[in-house]
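# Notes for the structure review
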Amino acid sequence: MLVLLTLTLSACGGQMVIQNVNFAHPFEMVMEADAEANVSDTRSGLTFSMDKILEKENISRADFAGTSVHMIRNQDGLYFLTAPGFRHVFILESGEGELKEAETVRIPGERLQNPAFNQRAPFIQLVDGDRTFSLSATGLN
């Protein structure tokens, strides 16, 4: 009985922590916005509204419907998000039931036309036509 009690108590000990986790997704998610500015990825189950981001980009829901939203996750677990017509890449961190803005990176020049993300550790590469940018959690590199 004493052995069973000891084993039970030791199993309830401190919280387990797994370190050196690489959260990167090797490929970007491409999600199409619906008429209500919602996007979802069937593989990961990620679903959210683009309304607050559209406000920052000064784009209406009507103009955005059907647009492909590009998103990729880096090794630290941050999401990088952009879309055609955007001037920015939004860097988001996940919380309990939320995506929170960690950084907003203004992309120089014209609005993005056909953006795509690639993993280029330690950076996230943004390609838009003949323009290429390296991004990190703190912005352009």
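Everything in this summary refers to the structure shown in the same document. Residue numbers here run from 1 along each chain, matching the order of that chain's written sequence. Totals for whole chains, interfaces and linings use every residue, but because this is a predicted model, local features are given only for residues with pLDDT of at least 70 and side-chain atom pairs only at 80 or more, for both listing and counting. Side-chain measures were taken over the full set of non-hydrogen atoms in the model, leaving aside hydrogen atoms and water.

## Details of the sheet that holds strand β9 (residues 123-128)
Applicable threshold: Note on pairing: two strands pair once DSSP finds at least 2 bridges between them. Secondary structure is summarised from DSSP: a helix means a run of H or I of at least four residues, a strand means a run of E of at least two, and numbering begins at the N terminus for each.
A sheet is described by the order of its strands in space; here 4 strands give the open sequence β8-β9-β10-β11, paired in antiparallel fashion. Looking at the sheet topology across the chains shown, the edges are occupied by β8 (115-120) and β11 (139-140). Alignment of strand β10 (residues 131-136) against β11, held across 2 bridges, turns out to be antiparallel. Directly across from Ser136, in β11, lies its bridge partner Gly139.

## Structural notes on a nonpolar patch on the surface
What counts here: Patch membership is restricted to residues that have no salt bridge and whose relative accessible area is over 30%. Joining uses 9 Å for like charges and 5 Å for the nonpolar side chains Val, Leu, Ile, Met, Phe, Trp and Tyr. Accessible surface area values rest on a Shrake-Rupley calculation with a 1.4 Å probe, where residue burial reflects the displayed protein chains alone. Definition used for salt bridges: Asp or Glu carboxyl oxygen within 4 Å of a side-chain nitrogen of Lys or Arg.
Taken together, the side chains of Met16, Ile18, Val21 and Phe23 define a hydrophobic patch exposed on the protein surface, amounting to about 440 Å² of accessible area. Mapping Val21 onto the fold places it in the loop between α1 (2-11) and β1 (29-32).

## Things to note about the sheet that holds strand β4 (residues 68-73)
Hydrogen bonds between backbone groups are what pair the strands of a sheet, and the pairing can be parallel or antiparallel. Worth spelling out the cut-off: Note on geometry: axes are C-alpha line fits, over the in-contact stretch for helices, and angles between N-to-C directions span 0 to 180 degrees.
With antiparallel pairing, 5 strands are arranged side by side in an open sheet as β1-β4-β5-β6-β7. Pairing within the sheet leaves two strands with one partner each, and these edge strands are β1 and β7 (98-106). Mean inter-strand twist for the sheet, computed between neighbouring axes without regard to direction, equals 30°.

## A closer look at the packing of aromatic side chains
Spelled out, the test is: Here a Phe, Tyr or Trp ring, Trp counted by its six-membered ring, pairs with any other such ring whose centre lies within 6.5 Å, and the pair is stacked when the planes are under 30 degrees apart, edge-to-face when over 60, and tilted otherwise. Note on classification: 1.4 Å probe, protein chains only; a residue is buried when its accessible area is under 20% of the maximum for its type, exposed when over 50%, partly exposed between these limits.
Counted under the stated rule, the structure contains 2 aromatic pairs. Summarising the aromatic geometry, the rings of Phe64 and Phe86 are spaced 5.8 Å apart at their centres and angled 20° between planes, so their arrangement reads as stacked. In this pair, Phe64 is assigned in helix α3 (residues 61-64) and Phe86 in the loop between β5 (79-82) and β6 (88-95), connecting sequence segments 22 residues apart. The class for Phe86 is buried, based on a relative accessible area of 0%. Plain terms: the ring middles of Phe86 and Phe90 are 6.1 Å apart, the flat faces sit at 85° to each other, and that makes the pair edge-to-face.

## Observations concerning the pairing of β5
Across the two faces of β5 the burial is the same, with Tyr79 and Leu81 and Phe80 and Thr82 all buried. In this sheet, β5 lies alongside β4 in antiparallel orientation, the contact comprising 4 bridges. Considered in β5, the bridge of Arg73 is made with Tyr79. From the end of β4 to the start of β5, which pair antiparallel, there are 5 residues, and Gly77 there has a positive phi angle of about 90°. Where β5 meets β6, 3 bridges bridge the pair, whose relative direction is antiparallel. The residue of β6 that forms the bridge with Tyr79 is Leu92. Count of turn residues in the β5/β6 antiparallel hairpin: 5 residues, of which Gly85 carries a positive phi of about 90°.

By themselves, these observations are geometric and do not establish any function.
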